[in-house]
Amino acid sequence: MTATRHRTWHLLGNILKFHAFSAETGGRYALVEALSAPGAGAPPNRHAGEDEAFYILEGEYAFMVDGDMRRARAGDYVRVPDGALHAFTCVSETPGRMLIINAPGTVHDRFFTEAGEPLPEGATDFPAPKGAPDIPALVAIADRAGVRIEVPAPA
C-alpha cells in the first residue's frame, strides 16, 4: 500500500476513503469505503469498461440500475454491470456506509480524486456546504475520467 497517496475525499455529500487504488491491485480493482450523508448519493451515471459493486455496511440506500429501483440495507449487495445507467441515494435518517468495488477501478480513481475535495485522513465529519455543486465542472471532470453523468434537460 502506498502511504503517501491521499486517500480521503468528499464528493456530493459522500466521504470516500480509498482502501486500495487500482494501481495498488495490479489494475484489477479499486476498493472505496463511502460514508453518505442522509439524502446524498450519486447522480445517474454510466461508465464503459468498469463494473461496480456496492456492499451496504450501515443504513439504507435507494438504488436505480438500468431503470430498476431497489432498496438496499446492511448486508445487501448491489451489482452494476459495465455501462449500466445507475444512481444511488442514502435514504436513512443517519449516514449510511458501504464498500464500493470498481473493476478495474482506474475510471473511479481518477473521477473521485479529481472531482472530490481532499479531507484530512480519517475524517468522518461532513464539510459544511459551500453552495450548489458546479454541475458543468463536475460533468467535464467526469467526461475526462470516462464517466457519463446523465444531466436532465432543463424544463
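Here, the structure is the one placed above.
Residues numbered from 1 in each chain as written. Predicted model: local features only at pLDDT ≥ 70, side-chain atom pairs only at ≥ 80, totals over all residues. Heavy atoms only, no water.

Chemist: Please clarify how the pairing of strand S5 (residues 51–58) should be interpreted in this entry.
Modeler: Successive residues of a regular strand alternate their side chains across the two faces of the sheet. Where S5 lies against strand S10 (residues 96–103), 7 bridges are found, and the strand directions are antiparallel. Each residue of the ladder has a partner; that of Asp-51, found in S10, is Ala-103. Bridge count for S5 against strand S8 (residues 77–80) is 4 bridges, and the pairing is antiparallel. Paired with Phe-54 across the two strands is Val-78, which belongs to S8. (Pairing = 2+ DSSP bridges. Helix = DSSP H or I, 4+ residues; strand = E, 2+ residues; numbered from the N terminus.)

Chemist: Whenever I open this one, helix H2 (residues 135–145) confuses me. Can you help?
Modeler: Inspection of H2 places Leu-138, Ile-141, Ala-142 and Ala-145 among the buried residues, and these make up the whole buried set. The buried side chains of H2 occupy one side of the element, clustering within an arc of 100° when seen end-on. Those residues of H2 that are buried are in contact with strand S1 (8–11), helix H1 (106–115) and strand S12 (148–149). (Buried < 20%, exposed > 50% of the residue type's maximum accessible area, 1.4 Å probe, protein only. Arc of directions from axis to C-beta. Contact = heavy atoms within 4.5 Å.)

Chemist: Looking at this model, I keep getting lost on the packing of H1 against H2. Mind explaining?
Modeler: Relative to each other, H1 and H2 sit at 155°, their axes nearing to 9 Å. In terms of orientation, H1 and H2 fall into the roughly antiparallel class. For H1 against H2, the interelement crossing comes out right-handed. Contact residues: Val-107, Arg-110, Phe-111, Glu-114 and Ala-115 in H1; Leu-138, Ile-141, Ala-142, Arg-144 and Ala-145 in H2. For the contact of H1 with H2, the class distribution of residues is 7 nonpolar, no polar and 3 charged. (Axes fitted to C-alpha atoms, helices over the stretch in contact; angles between N-to-C directions. Parallel < 35°, antiparallel > 145°, perpendicular 65-115°, else oblique. Left-handed = near helix turned anticlockwise from the far one by under 90°. Nonpolar A, V, L, I, M, F, W, Y, C, P; charged D, E, K, R; others polar.)

Chemist: Just to check I follow, could you spell out the environment of Ala-115 for this structure?
Modeler: Inspection of the secondary structure puts Ala-115 in helix H1. Sequence separation of Ala-115 and Val-139 is 24 residues, and the distance between their C-alpha atoms is 9.3 Å. Excluding anything up to four places from it in sequence, Ala-115 contacts Leu-11, Leu-138 and Ile-141.

Chemist: Would you mind showing me how to read the nonpolar core here?
Modeler: Note on soluble globular proteins: their nonpolar side chains tend to be buried together. Core analysis: the largest hydrophobic core is formed by 30 residues, its most contacted members being Leu-11, Phe-54, Tyr-61, Phe-63, Met-98, Phe-111 and Phe-112. Aside from chain neighbours lying at most four places away, what touches Met-98 is Val-32, Glu-33, Ala-34, Ser-36, Phe-54, Tyr-55, Ile-56, Leu-57, Tyr-61, Phe-63 and Phe-88. (Core = buried A, V, L, I, M, F, W, Y, C linked by side-chain atoms within 4.5 Å.)

Chemist: How do you make sense of the packing of aromatic side chains when you look at a structure like this?
Modeler: The description of two aromatic rings rests on the distance between their centres and on the angle between their planes. By the definition in use, this model includes 8 aromatic pairs. On the numbers, 4.3 Å between centres and 10° between planes, the contact of Phe-18 with Phe-21 is stacked. Of the residues examined, Phe-21 reaches a relative accessible area of 0% and is grouped as buried. On the numbers, 5.9 Å between centres and 70° between planes, the contact of Tyr-61 with Phe-88 is edge-to-face. (Phe/Tyr/Trp six-rings, centres within 6.5 Å; stacked < 30°, edge-to-face > 60°.)

Chemist: Where do I start with H1 in this structure?
Modeler: Counting buried positions over the 10 residues of H1 gives 7, a clear majority of the element. The set of residues buried in H1 consists of Val-107, His-108, Asp-109, Phe-111, Phe-112, Thr-113 and Ala-115.

Chemist: Sorry, what's going on with the side chain of Thr-113 here?
Modeler: You can see Thr-113 is positioned in helix H1. Looking at Thr-113, the relative accessible area reads 17%, which means it is buried. There is a polar contact of 2.7 Å between the side chain of Thr-113 and the backbone oxygen of Asp-109. At 3.4 Å, the side chain of Thr-113 and the backbone oxygen of Arg-110 are in polar contact. (Polar contact = N/O pair within 3.5 Å; in protein donor to acceptor, adjacent residues only side chain to side chain.)

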